[in-house]
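Structural overview
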Amino acid sequence: MKSNHKLLIAVIAGSTAIVGAAIILCVFYIYYYRRKSHRQNVYRLSCLDSDKMSGSCRALMMDFKKIESATDNFRETNILGAGGFGCVYQGHLQPANISIAVKKLSNADAITQFQTEVELLSKIEHPNIITLLGYCIHGETRLLVYQLMHNGSLETQLHGPSKGSALTWHLRLKIALDVARGLEYLHKHCRPRIIHRDLKSSNILLDSNFNAKLSDFGLAILDGSQKKSQLKLSGTLGYVAPEYLLDAPPHTQSTVSWAMPQLTDRTKLPNIVDPVIANSMDMKHLYQVAAVALLCIQPEPSYRPLIADILLSLVPLVPVELGGTLRDEKSLKPATYVHT
Ligand SMILES: *[C@@H]1O[C@H](CO)[C@@H](O)[C@H](O)[C@H]1NC(C)=O
Ligand SMILES: *[C@@H]1O[C@H](CO)[C@@H](O)[C@H](O)[C@H]1NC(C)=O
């Protein structure tokens, strides 16, 4: 009777150990498999994992109350702009009284874009890319805090009340060069490359000296993080590369298809120049800019120049006092995104 009892205990103990080991192995396998499949698709977004600023992230987790008081409780008179995502407020961050712009996101789509923007921008430090000062998660609300850009967006300057009168020919070329510098940084100095995917005049912001900075990285991707076929059509019709437009609804007006016939014909070229700058424009420079623009809108992607080549072709067209010199890009801090 006693030995039977012992045998029973041994059997139970043995099978418990085997089942336990199997469970542990399963857990390890699932964990390993998850990590592996995660690794194949996603560059891990590490900034949001901790409440504090981590070593690689410059942007700070900010207190909601601090942002609330900086914007006078998100007062209506502080609104700088609004979009599908929510509103942008102007404010002053105390005690240093730093002028800020706060993007308040509320819809579900915007929350993914918030994460992308924090992860990408918190590692970028470049004179032609917007500086993200901080972020905040408060219930369903997501807040992004940027340095304030006093002269608004290129779109507002061109199409707002001043109708482009503040932007001379040379200033416009300087803005184009600044944009090229920002893009070159994303394409050449970030590892992996960052593809912005929504470049347009409303996402090019201007500081009080009309230095241009790229903003709105909510749709940006790290090159190689997703298969091309998995990418949804993104960006704004009229600005995206022509091959993105193949599935676009008919009658969609694209800036590219409008400009193409006029860019190829020197006699038609002056017709597409903004009348506001027609007098301050240098004809020889206009031909050169048109030649660069034409290369950029080639239907075949591989015929389009690299942004580094565009940058080199724009430098001689911008007066030195507006930044028309080659900069030592080696001094730039590269941004590296870890693949974990
Ligand atoms: C903060 O700066 C703005 C101008 O940038 C000024 O109008 C305002 O009075 C300042 N506020 C404080 C508390 O110093
Ligand atoms: C640009 O910003 C400066 C500084 O805030 C301001 O004085 C100027 O009026 C602005 N110009 C335009 C055209 O917005």
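Residues numbered from 1 in each chain as written. Chains lettered and ligands numbered in written order. Predicted model: local features only at pLDDT ≥ 70, side-chain atom pairs only at ≥ 80, totals over all residues. Heavy atoms only, no water.

The condition is simple: UniProt positions are given in the numbering used here, feature names are shortened, and annotations may be inferred rather than shown by experiment.
Going by an unreviewed UniProt entry, the protein chain carries the name non-specific serine/threonine protein kinase and comes from Salvia splendens. What the UniProt record of the protein chain gives under Sequence similarities (unreviewed entry) is the line "Belongs to the protein kinase superfamily."

A look at the overall build of the protein chain
Here is the rule: Secondary structure elements follow DSSP: runs of H or I no shorter than four residues count as helices, runs of E no shorter than two count as strands, and numbering proceeds from the N terminus. The rule is simple: take the accessible area with a 1.4 Å probe, protein chains only, and divide by the maximum for that residue type; under 20% is buried, over 50% is exposed, in between is partly exposed. We call two residues in contact when some of their heavy atoms are within 4.5 Å. Here the accessible surface of atoms and residues is derived via Shrake-Rupley with a 1.4 Å probe, and residues count as covered only by protein chains that are part of the display.
Counting its regular elements, the protein chain contains eight helices and 12 strands. Taking all 340 residues of the protein chain together, the buried fraction comes to 39%. When contacts within the protein chain are restricted to residue pairs at least 6 apart in sequence, those whose partners lie at least 24 apart make up 65%. Surface exposure of the protein chain reaches about 19800 Å², of which carbon and sulfur atoms provide 59%.

Looking at the nonpolar core
Most often, soluble globular proteins keep nonpolar side chains buried together rather than apart. Heads up, the condition is: Throughout this description, the term nonpolar core refers to a set of buried Ala, Val, Leu, Ile, Met, Phe, Trp, Tyr and Cys residues connected via side-chain atoms within 4.5 Å.
One finds Ile124, Leu186 and Ile194 to be the most contacted residues of the largest nonpolar core, which totals 59 residues. The leading source of residues in this core is helix α5 (residues 169-189), at 10 residues. Judged by nonpolar contacts, the second largest core, of 13 residues, contains Ile67, Tyr89, Val102 and Leu143.

Description of the environment of Arg193
On the secondary structure map, Arg193 appears in the loop between β7 (190-191) and β8 (194-195). Spatially, the C-alpha atoms of Arg193 and Tyr337 are 9.2 Å apart, while their sequence positions differ by 144 residues. Filtering out sequence-adjacent residues up to four positions away, Arg193 remains in contact with Leu186, His187, Ile221, Leu222 and Asp223.

Details of the confidence of the model for the protein chain
For clarity, the threshold we go by: The predictor rates its confidence in each residue with pLDDT, a number between 0 and 100.
Looking at the protein chain as a whole, its pLDDT mean stands at 81, while 74% of the residues score no less than 70. No element of the protein chain has a lower mean pLDDT than helix α1 (residues 2-41), at 57, and none a higher one than strand β10 (residues 212-214), at 97. Segment residues 33-55 is flagged for pLDDT under 50; beyond a separation of four residues in sequence, or across chains, it makes 35 contacts in the model.

Looking at the packing of aromatic side chains
What counts, and what does not: Two aromatic rings, drawn from Phe, Tyr or Trp (for Trp, its six-membered ring), form a pair once their centres lie within 6.5 Å of each other, and the interplanar angle then sorts them: stacked below 30 degrees, edge-to-face above 60, tilted otherwise. Charge over a ring is defined by NZ of Lys or CZ of Arg lying within 6 Å of the ring centre and within 35 degrees of the ring normal.
The final tally for this structure, using the stated rule, is three aromatic pairs. Relative to Tyr89, the ring of Phe74 has its centre 5.1 Å away and its plane inclined at 70°; by these criteria the two rings are edge-to-face. A residue pair is termed long-range when its members are at least 10 positions apart, and Phe74 in the loop between α2 (64-70) and β2 (79-83) and Tyr89 in strand β3 (residues 86-93) qualify at 15 residues. Ring pairs connect the aromatic residues Phe64, Phe74 and Tyr89, which therefore count as one cluster. Geometry around Phe114 places Arg142 over its ring, the cationic atom sitting 5.9 Å from the centre.

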